[in-house]
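# Structural overview
Listed here are the chains, written in short residue letters.
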Amino acid sequence: MAGFVSNLLILLLLFQNICLGFRSPISVFKRYKDTSTSLSSECLGSNQPVISFGLSDFALDIRMPAVTPKQSDTYLCMSVPLPVDDEAYVVDFKPHASMDTVHHMLLFGCNEPSSTESYWDCDEGTCKDKSNILYAWARNAPPTRLPKGVGFRVGGETGSRYFVLQVHYGDVSAFRDKHKDCSGVTLHLTHQKQPLIAGMYLMMSVNTVIPPGKKVVDADIACHYKRSPMHLFAYRVHTHRLGKVVSGYRVRNGQWTLIGRQSPQLPQAFYPVKYPVDISYDDILAARCVFSGEGRTTETHIGGTANDEMCNFYIMYYMEAKHAVSYMTCTQNTNPEMFRNIPQEANIPIPVKSDVLKMMHGHHEETKDSDTSSLLQQDRKEEEKILHQETKDSDASYLLQQAKKEEAEILDQGDFYSLLSKLLGEREDVVHVHRHNPTEKTESDLVAEIANVVQKKDLAREIANHDERDNTILVRDRTQKFHRLESTLRPPENRYFSLQQSKHGEGGWEKEHKGDFHIEEAVEWPGLDLKLGQVSGLALDPENNLVVFHRGDHVWDENSFDSKFVYQQRGLGPIEQDTIIVLNPSNAKLLHSTGRSLFYLPHGLSVDKNGNYWVTDVALHQVFKLGANDKEPLLILGVPLQPGSDKNHFCQPTDVAVDPVTGSIYVSDGYCNSRIIQFSPNGVYVMQWGEETSLGRSSPGQFCVPHSLALIPDLSQLCVADRENGRIQCFRLETGEFTREIKHKAFGRELFAVSYVPGGLLFAVNGMPYPGEVESVQGFVMNFSTGEIIDTFIPLRKSFEMPHDIVASEDRTVFVGDVHAKAVWKFSSVETDGERKLDSSSGRILGRLRGKGSGGINLGNFFASHKGYSRKGFDRLSTEGSDQEKEEDDGTDSEEECPASPLPPAPSSS
């Protein structure tokens, strides 16, 4: 009755949507259904490969089209097009296979399958273009469900348009009756935009050799992580028969944090990471596989032939959508000495009962149903004893009860798969109709439950010396079903992340630029290694070379000025180093330098259309114009070392901008004056506007440290970073009339600098948060037309301390200078296609691993070039395609606070 009601409700919703004129997914699916092949009547499944759930969700059934493999170790591939054109997200995977017939399955995403046939021998490859592993299954592993808000991105302009299923039929003796096989996987997809994008990180040993008879052999893999932060939520281990335990870790500052540890002889599911682990730039990801060569008479190598082995540690992770990378690999050991400090647990095998081993290795028929039932009942009794022992304390008992209650509530929320099974016309617990009675529980469920009990008992022994509260939490976590990856996992808050999706405006930028992008650090740019003083100003010259204004060996500290803003350190003399340096923006090579013995405390910098440098000095209270090759200034505004507020004096001027059309000069003045002054091209005073911020308020045209200027020449506007008011104000160039304010909570109290790129983009950097505030120091990309934030960015190397100036080019390359860090970062624009180049640590190897037309890792081409390795059996393999097991086998620069501001503490300055 419940199933009938569910179906009726869905049909009513679909009918209502059509009547209301919505674009029903069913109409989109029609094209797909017309070109798809119905499953054979011999296979238990549905002739509806696509099932719609309202307007946003749908299921896609991917099954082998009734095949009968004729020989062992047959690899068959088939493809299914994504049935929609727009972007979608895969959030669940439900396998339909039994290890009686299938050794493993891999699901790839790509844009062009290797064949157009209904299915083909995988020797032809999987994909013609680059492919990504989305899912892996082996050993009767249960379903994999992603955490809430996480999905694998497919479709749209950049996502995969096809799914390719690879099935490895190991032992084909199960096909003696010549039945047809429709093994595969059902995907739950949604059109609802997921804030976090899932990906796969594969760690794989490629050179391990296991000597015959040797009891313990370690295979170690480790790589430095050189990307945006990612968060790990699930892991999967894989070896062949000789593997005893596989463990994965994050290593940070010498500290090892466990990601996951499991016996590869248990169901090779994606297990939940017990405590979600974050990976940051320059962390190390490390894994160890422990093997035993006992029973072997010859060396065992990594590979896919009869007696070969594998050492794979898969990690499922999520990243903020704008940084998402869908697939990464690690195939080497960057620091063997590091493994001397690996936790001892990595070398302790996880026992697996012989009964389970028999079942896992295909000897199911040797175990009677009654024996299996008895074993299950016995293990359940032992489990109850353990749970009883671990929950004697009332607090611990309460925790366990809460966990059970939470589990029940989650299960009662309505299982997607239950609904799906009814719509597909099959029971959720049925796998192969030719092997099992549809009314009986499958052996795969029994195996999963038995293995779960075994795992819990082993863990209980391992943690016996811990306090009971920790024990209970651990046991509680492990008593959950294998497939429950999302129950308590939620995206952790991170001060460096904004998990909200930026709203896009409707300005000129939106019309001009197609597709999304984000800004990320160009980690290969060596600018961070420059030996600079406090970096105060940045600009790009007419050739797009980077111009840097820095303070050499001078610093701005609490002794630099008296209460009347008079510079107190004249005895130091001017800076003896070149304070203006010109760098190649690609490789940071020094091209030119000038500015020696001219300045005391550099601040702002701009470059006009003729390549002249315009700079400000807050100690001299002056503005200078210098030719690129001139040692003496071409123009000087202000009186040296004399602060003032009339037409001829400045008081700590901060920045200067020159109109490329009229040549008019605009100066922001500054720390002790709150005004913008306009001069003619030859330095004659024209006008000024602005006043101090009123107590407790900040009206248009009022400033509290106008700190940075950005000209918008195509709109005849000048935008000002009103630093201590934490906002951007824009004015008309001809009149100084206020036009708009851009202010966001994310700016915090301070906004240091702003830069404009023709076409409608504003770039800005803010300041460090005040004590007790949470806004991060970061960079911003904004739509000038709407003022809305499009993107935010932070560095991966080092950290922003006081980012002081920012400049961006038309190709959205961004440079940020930091006074405290004495550094210049480079950031680049990357299209959010979910695809990035692989880590440099593995890119060279992967270049050799890629095979013809496979789009994946072809181990045959790689190992064929290594002495002692046979090519046999590798050409068909992609990444884990070699899962074969034959029987043969981190001084404050205190500038004066705006006088009107009562807010403590005094703002840091530069």
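Remember, predicted model here, so these are calculated numbers, not experimental data.

### A word on the pairing of strand β11 (residues 184–190)
Each regular strand displays side chains that alternate between the two surfaces of the sheet. Here β11 lies mainly inside the structure; seven of its seven residues are buried. Covered by surrounding structure in β11 are G184, T186, H188 and T190 together with V185, L187 and L189, the residues of both alternating faces. When strand β2 (residues 57–63) meets β11, the two strands line up antiparallel, connected through seven bridges. Opposite D57, over in β11, you have T190 as the bridge partner. Sheet topology note: the strand β4 (residues 88–96)/β11 ladder contains seven bridges and is antiparallel. Each bridged residue has a counterpart across the sheet, and for H96 the counterpart in β11 is G184.

### Focus: the pattern of salt bridges
Note that side chains of opposite charge can pair when their charged atoms are close. Going through the model one piece at a time under the given rule, you end up with 18 salt bridges. With a closest N to O distance of 2.7 Å, D220 and R288 form a salt bridge. In this pair, D220 sits in strand β14 (residues 217–224) while R288 sits in strand β19 (residues 284–291), placing the two residues 68 residues apart along the sequence. R749 is the salt-bridge partner of E773, the closest N and O atoms lying 2.6 Å from each other. Here E773 is found in the loop between β43 (761–766) and β44 (779–783), whereas its partner R749 is found in the loop between β41 (738–742) and β42 (751–757), with 24 residues between them in sequence.

### A short note on the sheet that holds β43
Spatially, the four strands line up as an open sheet ordered β42-β43-β44-β45, and their pairing is antiparallel. In the strand order of this sheet, the two ends are held by β42 and β45 (789–793), each with one partner. Geometrically, the sheet is characterised by an average inter-axis angle of 20 degrees between neighbouring strands, direction not taken into account. Here five bridges tie β43 to β44, and the two strands are oriented antiparallel to one another. Counterpart to A764 in the pairing with β44 is F780.

### Points about the pairing of strand β26 (residues 580–583)
Residues I580 and V582 point to one face of β26 and I581 and L583 to the other, with burial holding for every one of them. With four bridges connecting them, strand β25 (residues 546–550) and β26 associate as antiparallel partners. Directly across from F549, in β26, lies its bridge partner I580. The pairing of β26 with strand β27 (residues 590–594) spans four bridges and is classified as antiparallel. Note on β27: the bridge partner recorded for I581 is S593.

### Section: the packing of aromatic side chains
One pass over the structure, following the stated rule, counts 27 aromatic pairs. Look at Y567 and Y600: their rings are 5.8 Å apart centre to centre, the planes differ by 75 degrees, and that puts the pair in the edge-to-face class. Pair noted here: Y567 is in the loop between β25 and β26 and Y600 is in the loop between β27 and β28 (602–607), with a separation of 33 residues, a long-range link. Here Y600 falls in the buried class, since its relative accessible area comes to 14%. With centroids separated by 5.6 Å and ring planes inclined at 50 degrees, the aromatic side chains of W689 and F731 adopt a geometry described as tilted. In this pair, W689 is assigned in strand β35 (residues 685–689) and F731 in strand β40 (residues 727–732), connecting sequence segments 42 residues apart. Among the aromatic residues, ring-to-ring pairing joins W556, F561, Y567, Y600 and Y671 into one connected group. Seen from the ring of F784, R740 lies directly overhead, with NZ or CZ sitting 5.0 Å from the centre. When the ring centre of Y770 is taken as origin, the NZ or CZ atom of R749, which lies over that ring, is 4.4 Å away.

### Quick word on the nonpolar core
Here is a general trend for soluble globular proteins: nonpolar side chains tend to be buried in one another's company. Counting residues in hydrophobic clusters, the biggest one holds 95 residues, and the most contacted among them are I62, F93, F163, L189, Y201 and M230. Once you skip the residues sitting within four places of it in the chain, M230 turns out to touch Y201, Y225, V277, D278, I279, L285, Y317, Y318, M319 and M328. Residues L528, V777, V781 and F793 belong to the second largest nonpolar core, which totals 24 residues.

### Observations concerning the sheet that holds β35
Taking strand neighbours across the sheet as the criterion, the four strands line up as β32-β33-β34-β35 in an open arrangement whose pairing is antiparallel. In this open sheet, the two strands that pair with only one neighbour each are β32 (653–658) and β35. The average angle at which neighbouring strand axes cross in this sheet is 20 degrees, direction not considered.

### What to know about the confidence of the model for the protein
The predicted model of the protein has a mean per-residue pLDDT of 75, with 67% of residues at 70 or higher. In the predicted structure, residues 8–41 sits below a pLDDT of 50 and forms 42 contacts with residues beyond four places in sequence or in another chain. Across residues 361–515, where pLDDT falls below 50, the model places 258 contacts with residues more than four positions away in sequence or in other chains.

### Re the side chain of T579
The residue T579 is located in the loop between β25 and β26 in this model. At 3.1 Å, the side chain of T579 forms a polar contact with the backbone oxygen of G595. If we skip the residues at most four places from it in the chain, T579 touches V548, F549, H550, T594, G595, R596, F599 and P602.

Thresholds applied
- Residues numbered from 1 in each chain as written.
- Predicted model: local features only at pLDDT ≥ 70, side-chain atom pairs only at ≥ 80, totals over all residues.
- Heavy atoms only, no water.
- Buried < 20%, exposed > 50% of the residue type's maximum accessible area, 1.4 Å probe, protein only.
- Helix = DSSP H or I, 4+ residues; strand = E, 2+ residues; numbered from the N terminus.
- Pairing = 2+ DSSP bridges.
- Salt bridge = Lys/Arg side-chain N within 4 Å of Asp/Glu carboxyl O.
- Axes fitted to C-alpha atoms, helices over the stretch in contact; angles between N-to-C directions.
- Phe/Tyr/Trp six-rings, centres within 6.5 Å; stacked < 30°, edge-to-face > 60°.
- Lys NZ or Arg CZ within 6 Å of the ring centre and 35° of its normal.
- Core = buried A, V, L, I, M, F, W, Y, C linked by side-chain atoms within 4.5 Å.
- Contact = heavy atoms within 4.5 Å.
- pLDDT = per-residue confidence, 0-100.
- Polar contact = N/O pair within 3.5 Å; in protein donor to acceptor, adjacent residues only side chain to side chain.

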